[in-house]
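An overview of the molecular structure
Chain by chain, the residues:
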Amino acid sequence: MVEVYYHDNNDEVDFREAHHSGETVSLEELASTGVLYYHFDTEEEVDRLAVERSYKNRDTIRLNRATFGDSEEALVEKLNGFYKEHLHEDEEIRYILGGSGFFDVRNKADKWIRCKLAKGDLLILPSGIYHRFTLDAENDIHALRLFKDEPKWIALTRSEELATNEYRKEYLQSIGV
Ligand SMILES: CSCCC(=O)/C(O)=C/O
Ligand SMILES: [Fe+2]
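Residues numbered from 1 in each chain as written. Chains lettered and ligands numbered in written order. Predicted model: local features only at pLDDT ≥ 70, side-chain atom pairs only at ≥ 80, totals over all residues.

**Observations regarding the overall build of the protein**
When helices and strands are tallied, the protein shows four helices and eleven strands. Its C-alpha atoms give the protein a radius of gyration of 16 Å, within 12% of the compact-globule value 16 Å for 177 residues. Each of the three principal axes of the protein carries a C-alpha extent, and together these read 45 × 40 × 30 Å. Considering only intrachain contacts with a sequence separation of at least 6, the fraction spanning at least 24 residues in the protein is 76%. (Helix = DSSP H or I, 4+ residues; strand = E, 2+ residues; numbered from the N terminus. Rg over C-alpha atoms; globule rule 2.2 N^0.38 Å. Contact = placed C-beta atoms within 7 Å.)

**Some remarks on the site of ligand 1**
Residues in close proximity to ligand 1 include I61, F82, E92, R94, G101, H131, F133, I141, A143, R145 and W153, which together make up its full environment. Mapped by element, the contributors of at least two residues to the shell around ligand 1 are β6 (92-106), β9 (131-135) and β10 (140-147). Grouping the constituent residues of the shell around ligand 1 by class yields six nonpolar, two polar and three charged. (Near = placed C-beta within 6 Å. Nonpolar A, V, L, I, M, F, W, Y, C, P; charged D, E, K, R; others polar.)

**As for the UniProt feature "binding site: Fe(2+)" (unreviewed entry) in the protein**
UniProt's entry tags H86, H88, E92 and H131 with the feature "binding site: Fe(2+)" (unreviewed entry), counted in the numbering of this structure. In three dimensions, the annotated residues from a span of 46 residues occupy one location, with a maximal C-alpha spread of 11.9 Å. Residue position: H86 is located in strand β5 (residues 86-87). Assessed through the 19 C-beta atoms surrounding it within 10 Å, H86 is described here as partly exposed. Those residues in contact with H86 that sit more than four places away from it in its chain are R132, A155, L156, T157 and R158. Setting aside residues up to four positions removed in sequence, H88 forms contacts with S127, I154 and A155. (UniProt positions renumbered as here; feature names shortened; annotations may be inferred. Buried ≥ 20, exposed ≤ 12 C-beta atoms within 10 Å, placed from the backbone.)

**Focus on the UniProt feature "binding site: Ni(2+)" (unreviewed entry) in the protein**
Feature annotation in UniProt assigns "binding site: Ni(2+)" (unreviewed entry) to the following positions: H86, H88, E92 and H131. Within the element layout of this structure, E92 appears in strand β6. You can call E92 buried: it has 21 C-beta atoms within 10 Å.

**Focus: the environment of K108**
With respect to the helices, strands and loops of the structure, K108 is situated in the loop between β6 and β7 (112-118). The spacing of K108 and S32 is 76 residues in sequence and 8.2 Å in space, taken between C-alpha atoms. Discounting residues that sit within four places of it in the chain, K108 has contacts with S32, T33, I175 and V177.

**Some details on the confidence of the model for the protein**
Per-chain confidence: the protein averages 97 in pLDDT, with 100% of residues scoring 70 or above. Across the assembled chains, the prediction reports ipTM 0.96 with pTM 0.97. (pLDDT = per-residue confidence, 0-100.)

This is the structure in structure tokens:
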């Protein structure tokens, strides 16, 4: 089951560690950032959500050392990409099939909220929200990625220029910022 809390912002410790600040965050507070959380025991429930939200495509992603030829260096290089703060112009839906990992999302005050996801957890990130992802110290996740159309992953790294991005502006308006 999901664990949601404020990140401790300690960058001297590997980002795959828990970084628990000691302050938990409720699902209501998480929802105030536009991020929705569900727990589904079966993929049929995911199928229903996909139909409701007009998602036609999906793929799976497995991230662990074996995916990268047992290379810690190659794994960390991939994680460095996912952990760079970014937004997407599409909504992002991830359903965890196995393993675990962290999605960090910025709240209205620009503080990091960390969501620890495990099997059966599903997260919906609205387009335009700044976020990042990492494996945890177990170094293994298997996730289903839902796409409205063709599978794609375009990440826009946080920058001042993105303040005028229409999806960013729309997102901020949607959360009352
Ligand atoms: C567990 S899915 C890999 C991470 C990802 O797809 C993403 O968009 C992170 O922001
Ligand atoms: Fe992302």
